[in-house]
Amino acid sequence: MITLGAGSRGNVYGGYALRYPEELDIVGVAEPIALRNERYTQKHNIPEENRFPTWERVFDRPKFADAVLISTPDNLHYGPCMAALKAGYDVLLEKPIAPTEQECRDILAMTKKTGRVVAVCHVLRYAPYFVQLREMIQSGAIGQLVSIQHIEPIGHVHMSHSYVRGNWHDRNATTPIILAKSCHDLDILRWMVGKPCKQIVAMGGLHWFKKENAPAGSTDRCMDGCAVEGSCPYSAMKIYYRERHRTHVFDLPQEPEKQGDAILAALRTTNYGRCVYKMDNNQDDHYITSMQFDGGVTASFSMEGHTSYEGRRTRVMGSMGDIVGDMETFTLSDFRTGKRTVYDQSSGDSHGGGDWHLVRDWIQAVTQQNPALLTSTIDASIESHVMGFMAEKSRTTGRIEGVVV
Ligand SMILES: NC(=O)c1ccc[n+]([C@@H]2O[C@H](COP(=O)([O-])OP(=O)(O)OC[C@H]3O[C@@H](n4cnc5c(N)ncnc54)[C@H](O)[C@@H]3O)[C@@H](O)[C@H]2O)c1
């Protein structure tokens, strides 16, 4: 496989190749940040001639691997995916597929035309927790499915890191948060219900991370003598320097004694050091959607930026029972017997273990040239993306939108 974009996700999937080298070998990389390119090259022992500064250069060469991983930023999925398909590569494509519905449909059409295997990284479909939850629903364990209530509590620090200061702070440069963060949730709802979504309505907005909420005495950067730095939950000094959370974005030196200074330097120059109330952000920090599926099943979904906890919570209501889960365990209650059964799927891994389960299935699909070995094919994934585009349309027009795939 060739990795396009050796950032955070490129390294997550790259980690699989290091752990299971007999299954996956990374033979090329395209990455403009020299240090990342160098580190990835070293890790995977990539030959010099297969290193590129940007994705375009990979396709100047005749095909030299079975597949490509597209883990570039959201607005750089379409170009590499179309080029990879035309060049005959199978593709592991990070979500969101692309920032517009038309581009998503173009990728679907090109996949059909070329007959390649494309997996979209809807990793929750591969997490044992969601796999078992879906099996329970579809087995009839709670009778007929009636409705679902689902919440994605992003966590207030994660919200500030990714959607206020970080790479996804501008909906126009990337994708609206309903796709950037929550295409997973729309996808998992569609997958659990097992029927197409027919109607969707959404509301939401940016409530808190705005200039008018900046505390008196706050400065443009947290380290510039901000009067409330010591008590602000979003202090960059607290999050990144004192507590060392989410510092992977700084490409820190390996030597622990050099890391503190490197973090301080990054906080002086990058968005991660800026006041959360004075950023150029426009992503919603709360977002609700309601949807109705074929056959009448309803679902409500809340994406919440202002929580002290993370981890999706799901309540499933059926005619003969219900299920309450928190992405580690879920409890099934049977109305007929009064029996309660707890299922424990806690893994401690990112995305409930879904990341590597996806890679494992994708390798099998590529090896056997059989997309049926995947659950997150491009066909299946387009549907939940259209739900996201329609939710966003509804949020701006105030109307209920039909979902036509
Ligand atoms: N499946 C999931 O759960 C999940 C989670 C997080 C992110 N994502 C998605 O994965 C993608 C990557 O996110 P990330 O967190 O790894 O971001 P990142 O910024 O850590 O990595 C992206 C990398 O792409 C590189 N890049 C930029 N322009 C390039 C070009 N022209 N050619 C080649 N490389 C280029 C960047 O330098 C960077 O290293 C995004 O689309 C994101 O939305 C998915």
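Residues numbered from 1 in each chain as written. Predicted model: local features only at pLDDT ≥ 70, side-chain atom pairs only at ≥ 80, totals over all residues. Heavy atoms only, no water.

1. Description of the sheet that holds strand 15 (residues 401–402)
Part 1: Taking strand neighbours across the sheet as the criterion, the nine strands line up as 14-13-12-11-7-10-9-8-15 in an open arrangement whose pairing is mixed. Of all strands in the sheet, those with a lone pairing partner are strand 14 (340–344) and strand 15, marking the two edges.
Part 2: Note: strand 13 (residues 329–334) against strand 14, five bridges, orientation antiparallel. If you follow L332 over to strand 14, its bridge partner there is T341.
Part 3: Lying over the sheet, helix 6 (residues 128–138) contacts strand 7 (145–153), strand 11 (313–318), strand 12 (321–325), strand 13 and strand 14, oriented at roughly 10° with respect to strand 13. (Pairing = 2+ DSSP bridges. Helix = DSSP H or I, 4+ residues; strand = E, 2+ residues; numbered from the N terminus. Contact = heavy atoms within 4.5 Å. Axes fitted to C-alpha atoms, helices over the stretch in contact; angles between N-to-C directions.)

2. Considering the sheet that holds strand 2 (residues 28–30)
Part 1: Strand order in this open sheet of six strands is 3-2-1-4-5-6, and the pairing throughout is parallel. Edge positions in the open sheet fall to strand 3 (51–52) and strand 6 (118–120), since each of these has one partner strand only.

3. A closer look at the packing of aromatic side chains
Part 1: Under the definition given, this model contains 16 aromatic pairs.
Part 2: Between the aromatic rings of Y20 and W356, the centroid separation amounts to 6.1 Å while the plane-to-plane angle is 70°, which identifies the pairing as edge-to-face. Placement of the pair is Y20 in the loop between helix 1 (8–19) and strand 2 and W356 in helix 12 (residues 354–367), with a sequence separation of 336 residues.
Part 3: Classification of Y20 as partly exposed rests on a relative accessible area of 24%.
Part 4: Taking NZ or CZ as reference, R61 lies 4.4 Å from the ring centre of F64, over its face.
Part 5: The side chain of K63 reaches across the aromatic face of Y89, ending 5.6 Å from its centre. (Phe/Tyr/Trp six-rings, centres within 6.5 Å; stacked < 30°, edge-to-face > 60°. Buried < 20%, exposed > 50% of the residue type's maximum accessible area, 1.4 Å probe, protein only. Lys NZ or Arg CZ within 6 Å of the ring centre and 35° of its normal.)

4. Points about unusual backbone geometry
Part 1: Omega for the peptide link from K95 to P96 comes to -10°, which places this bond in the cis form.
Part 2: Within the secondary structure layout, P96 lies in the loop between strand 5 (90–93) and helix 5 (101–114).
Part 3: A positive phi is found at N45, a non-glycine position, where the angle reads about 55°.
Part 4: Relative to the assigned elements, N45 resides in the loop between helix 2 (34–44) and strand 3.
Part 5: Phi is positive for D251, which is not a glycine, with a value near 45°.
Part 6: Here D251 shows up in the loop between helix 10 (236–242) and helix 11 (256–269).
Part 7: By relative accessible area, which is 22% here, D251 ends up partly exposed.

5. A look at the side chain of S218
Part 1: Inspection of the secondary structure assignment puts S218 in the loop between strand 8 (197–205) and helix 10.
Part 2: Beyond its immediate stretch of four places on either side in the chain, S218 contacts C226 and K278.

6. Topic: the side chain of H150
Part 1: Looking at the element boundaries, H150 is found in strand 7.
Part 2: Its relative accessible area of 2% is what places H150 among the buried residues.
Part 3: A polar contact is formed between the side chain of H150 and the side chain of D185, at a distance of 2.8 Å.
Part 4: Residue contacts for H150: discarding those within four places in its chain leaves F130, D185, I188, L189, S300, F301, S302, R312, R313 and T314. (Polar contact = N/O pair within 3.5 Å; in protein donor to acceptor, adjacent residues only side chain to side chain.)

7. Things to note about helix 13 (residues 378–397)
Part 1: With 20 residues, helix 13 extends 28 Å from end C-alpha to end C-alpha; this agrees with the ideal 28 Å at 1.5 Å per step.
Part 2: Most of helix 13 sits out of view: 14 of its 20 residues are buried.
Part 3: Positioned one or two residues after helix 13, G398 has a phi angle of 80°, which is positive. (Expected span 1.5 Å × (residues − 1).)

8. Quick word on the nonpolar core
Part 1: One finds L4, V68, V91, F130, M291, F293 and I323 to be the most contacted residues of the largest nonpolar core, which totals 82 residues.
Part 2: Discounting chain neighbours no more than four positions away, the residues touching M291 are L186, L189, C197, Q199, I200, V297, T298, A299, F301 and M387.
Part 3: Of all hydrophobic cores here, the second largest spans 25 residues; its members include A6, Y13, L24 and A365. (Core = buried A, V, L, I, M, F, W, Y, C linked by side-chain atoms within 4.5 Å.)

9. A word on the packing of helix 5 against helix 13
Part 1: At a closest axis distance of 10 Å, the pairing of helix 5 and helix 13 adopts a crossing angle of 170°. Viewed along their axes, helix 5 and helix 13 adopt a mutual orientation that is roughly antiparallel. In contact with E101, C104, R105, I107, L108, T111 and K112 of helix 5, helix 13 contributes I378, D379, I382, H385, V386, F389 and M390.
Part 2: The residue inventory of the contact of helix 5 with helix 13, partitioned by class, reads eight nonpolar, two polar and four charged. (Parallel < 35°, antiparallel > 145°, perpendicular 65-115°, else oblique. Nonpolar A, V, L, I, M, F, W, Y, C, P; charged D, E, K, R; others polar.)

10. Quick notes on the site of the ligand
Part 1: Near the ligand lie 26 residues; those nearest to it are R9, E31, R36, D74 and H77.
Part 2: In the environment of the ligand, an oxygen atom lies 2.8 Å from a nitrogen or oxygen atom belonging to the side chain of H77.
Part 3: In the model, an oxygen atom of the ligand is placed 3.1 Å from a nitrogen or oxygen of the N167 side chain.
Part 4: Taking 850 Å² as the accessible area of the ligand by itself, protein coverage stands at 87%.
Part 5: Residue classes in the shell around the ligand are distributed as 10 nonpolar, 10 polar and six charged. (Near = heavy atom within 4 Å. Areas by Shrake-Rupley, 256 points an atom, 1.4 Å probe, with all protein chains shown as cover.)

11. With respect to the pattern of salt bridges
Part 1: Tallied over the full model, the rule gives 28 salt bridges.
Part 2: Salt-bridge contacts for R105 lead to E101; the nearest nitrogen and oxygen are separated by 2.8 Å. Of the two residues, R105 and E101 both sit in helix 5, four residues apart, roughly one turn of that helix.
Part 3: A relative accessible area of 26% places R105 in the partly exposed class.
Part 4: With a shortest N-O distance of 3.5 Å, E255 and K258 are connected by a salt bridge.
Part 5: One network of salt bridges, with partners in common, ties together E152, K181, D185 and R312. (Salt bridge = Lys/Arg side-chain N within 4 Å of Asp/Glu carboxyl O.)

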